[in-house]
Amino acid sequence: MIVTLIVLCEIAFWVLLAAGLALRYAAKMPRLGAAVLLCEPLLEVVLLVVTAIDLKNGADPDWKHGLAAVYIGFTVGLGHSTIKWVDAWVAHRFAGGPPPVKPPKYGMARAAHEWRTAGRWTVAAVTALALLQAAVWYVGGDGDTASLRAWQEKMLFVIGINLVIAVSYTLFPKRGPGREREAKRVPGPPG
């Protein structure tokens, strides 16, 4: 049941997003469209409540309960930026708005972008970690929480990978095409 609900929440996320954007741009009702978009967090609340009820009714915590916590965490950390990007794309494609801003490709601007991305993924993973820990405490010492702990390890791995990527762009910034040519040019004899 939990996996089905997660799939339904994901489908509902995209349906609400499409409906909200259609109301904003096609129907020219931006306030109603924004109201529909603001309903997105209700999906996570429903998933959280159903997961808690499932555990309360004696279900053994397993990978599905962990997946629910991870899904909620990723929606918290990445949902807003996803909605913002899709909104900008739809505004450009169907309403004559400017094209979505592409991330910088080079230098410290790219490093700053990678740190912002790492921050969003870290928020997602920390939210999932907190929900997973709450589930561990909720189940108590008598239940088998190994699957929940395994999800926590995966979330720590997600944080680590994103930090490594951000640090690598900071320590070794990618150079632009013009700068690479300058670095390769060998100075001639003084003349």
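Keep in mind that this is a model prediction, so the values were computed, not measured.

A. The arrangement of the environment of V7 in detail. Tracing the backbone shows V7 in helix α1 (residues 2-26). For V7, a relative accessible area of 44% translates into the label partly exposed.

B. Spotlight on the state of the cysteines. Taken as a whole and judged by the stated rule, the model has zero disulfides. C9 forms no disulfide, and the closest cysteine sulfur to it belongs to C39, at a distance of 13 Å.

C. Fine view of helix α5 (residues 107-139). When the terminal C-alpha atoms of α5 are compared, their 48 Å separation across 33 residues agrees well with the 48 Å that a helix rising 1.5 Å per residue should span. Of the residues flanking the end of α5, it is G140, one or two places downstream, whose phi is positive at about 85°.

D. Spatial organisation of the pattern of salt bridges. Applying the stated criterion across every chain, the model contains three salt bridges. The partner of D87 in a salt bridge is R24, and the shortest N-O contact between them spans 3.4 Å. Taken together, the residues D87 in helix α4 (residues 63-95) and R24 in helix α1 connect sequence positions 63 residues apart. The class of D87 is buried, set by a relative accessible area of 15%. R24 sits in the partly exposed class, given a relative accessible area of 26%. Among the ionic pairs, K64 bridges to D62, the shortest N-O distance being 3.3 Å. With relative accessibility at 28%, the residue K64 sits in the partly exposed group.

E. Structural view of the packing of helix α3 (residues 40-56) against α5. Remark: α3 packs on α5, axes separated minimally by 10 Å, with the N-to-C direction vectors making an angle of 25°. One way to sum up the angle between α3 and α5 is to call them roughly parallel. Here the hand of the crossing between α3 and α5 comes out right-handed. Here L48, A52, L55 and K56 of α3 come into contact with α5, specifically with L131, A135, Y138 and V139.

F. Seen up close, the environment of P103. The topology assignment puts P103 in the loop between α4 and α5. For P103, a relative accessible area of 40% translates into the label partly exposed. Each C-alpha atom of the pair P103 and R120 lies 15 Å from the other, and the pair is 17 residues apart in sequence.

What counts and how
Residues numbered from 1 in each chain as written. Predicted model: local features only at pLDDT ≥ 70, side-chain atom pairs only at ≥ 80, totals over all residues. Heavy atoms only, no water. Helix = DSSP H or I, 4+ residues; strand = E, 2+ residues; numbered from the N terminus. Buried < 20%, exposed > 50% of the residue type's maximum accessible area, 1.4 Å probe, protein only. Disulfide = S-S within 2.5 Å. Expected span 1.5 Å × (residues − 1). Salt bridge = Lys/Arg side-chain N within 4 Å of Asp/Glu carboxyl O. Axes fitted to C-alpha atoms, helices over the stretch in contact; angles between N-to-C directions. Parallel < 35°, antiparallel > 145°, perpendicular 65-115°, else oblique. Left-handed = near helix turned anticlockwise from the far one by under 90°. Contact = heavy atoms within 4.5 Å.

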